[in-house]
Structures are given as C-alpha cells and as structure tokens.
Amino acid sequence: HLLSSAFAVFGEGGSSRLPARFILRGAGWGHGVGLCQIGAYGMALRGKSYEEILHHYYTGVTLEGLSPR
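Quick caveat: nothing in here was measured; it's all calculated off a predicted structure.

Rules used throughout
Residues numbered from 1 in each chain as written. Predicted model: local features only at pLDDT ≥ 70, side-chain atom pairs only at ≥ 80, totals over all residues. Heavy atoms only, no water. Helix = DSSP H or I, 4+ residues; strand = E, 2+ residues; numbered from the N terminus. Buried < 20%, exposed > 50% of the residue type's maximum accessible area, 1.4 Å probe, protein only. Contact = heavy atoms within 4.5 Å. Patch = residues over 30% accessible without salt bridge, like charges linked within 9 Å, V, L, I, M, F, W, Y side chains within 5 Å. Areas by Shrake-Rupley, 256 points an atom, 1.4 Å probe, with all protein chains shown as cover. Salt bridge = Lys/Arg side-chain N within 4 Å of Asp/Glu carboxyl O. Axes fitted to C-alpha atoms, helices over the stretch in contact; angles between N-to-C directions. Parallel < 35°, antiparallel > 145°, perpendicular 65-115°, else oblique. Left-handed = near helix turned anticlockwise from the far one by under 90°. Nonpolar A, V, L, I, M, F, W, Y, C, P; charged D, E, K, R; others polar. pLDDT = per-residue confidence, 0-100.

A. Seen up close, the overall build of the chain. Check the secondary structure of the chain and you find two helices and two strands. The helix and strand sequence of the chain, counted from the amino end, reads β-β-α-α. Buried residues in the chain amount to 7% of all 69 residues. Taking contacts inside the chain between residues at least 6 apart in sequence as the whole, the part at least 24 apart equals 12%.

B. Looking closely at a nonpolar patch on the surface. Nonpolar side chains collect at one region of the surface, where Phe7, Val9, Phe22 and Leu24 lie side by side and expose about 420 Å² of accessible area between them. Contributing elements (two or more residues each) for the nonpolar patch: β1 (7–12) and β2 (21–26). Looking at where phenylalanine 7 falls in the secondary structure, it is placed in strand β1. With relative accessibility at 41%, the residue phenylalanine 7 sits in the partly exposed group.

C. Local environment of the packing of helix α1 (residues 37–45) against helix α2 (residues 50–57). Taken N-terminus to C-terminus, the directions of α1 and α2 make an angle of 140°; their axes are 10 Å apart at the nearest point. Between α1 and α2, the angle is such that the two are oblique. Regarding α1 and α2, the two cross each other, and that crossing is right-handed. Along its contact with α1, which presents Gly39, Ala40, Met43 and Ala44, the element α2 presents Glu52, Ile53, His56 and Tyr57. When its residues are assigned to classes, the contact of α1 with α2 shows five nonpolar, two polar and one charged.

D. Expanded view of the confidence of the model for the chain. Summing up the model confidence of the chain, the mean pLDDT is 83 and the portion of residues at 70 or higher is 83%. Per-element confidence in the chain ranges from a low mean pLDDT of 86 for β2 to a high of 93 for α2.

Given below as structure tokens:
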C-alpha cells in the first residue's frame, strides 16, 4: 500500500520549462490525529480487534462505552 498520496513536488536543474529531475517529498500525515487508515486496515486484515488497533495508535488510553442520552 502507498502510505500517503500527498506529495510536494519540486523541479531541480534543467530549464524553467523542463526540470532535469523532480524531487517528491512525502507530505501526508493524515489529519494530525495519529491513526493511519492503511495501517489500521492492515492490522484488521491480520485479525487485530478494534481495541488492539486503537491501543496501538493511542497508547495509554482507556476505552469506555457511552450510554445513550
């Protein structure tokens, strides 16, 4: 899987119309909340539970159910 499809692309060398090479730098880090969707999907495919996945990304948290209002 491609970890992120967000790239910053820079042209280098060559002319202003056609760079000699391109530099692609990864720029994607999700929405800054710390959970990788592809990573979580891969863990789920390997049989991990949602609890295991959440604890992997958010260490030290406690999962609790909420009662309906």
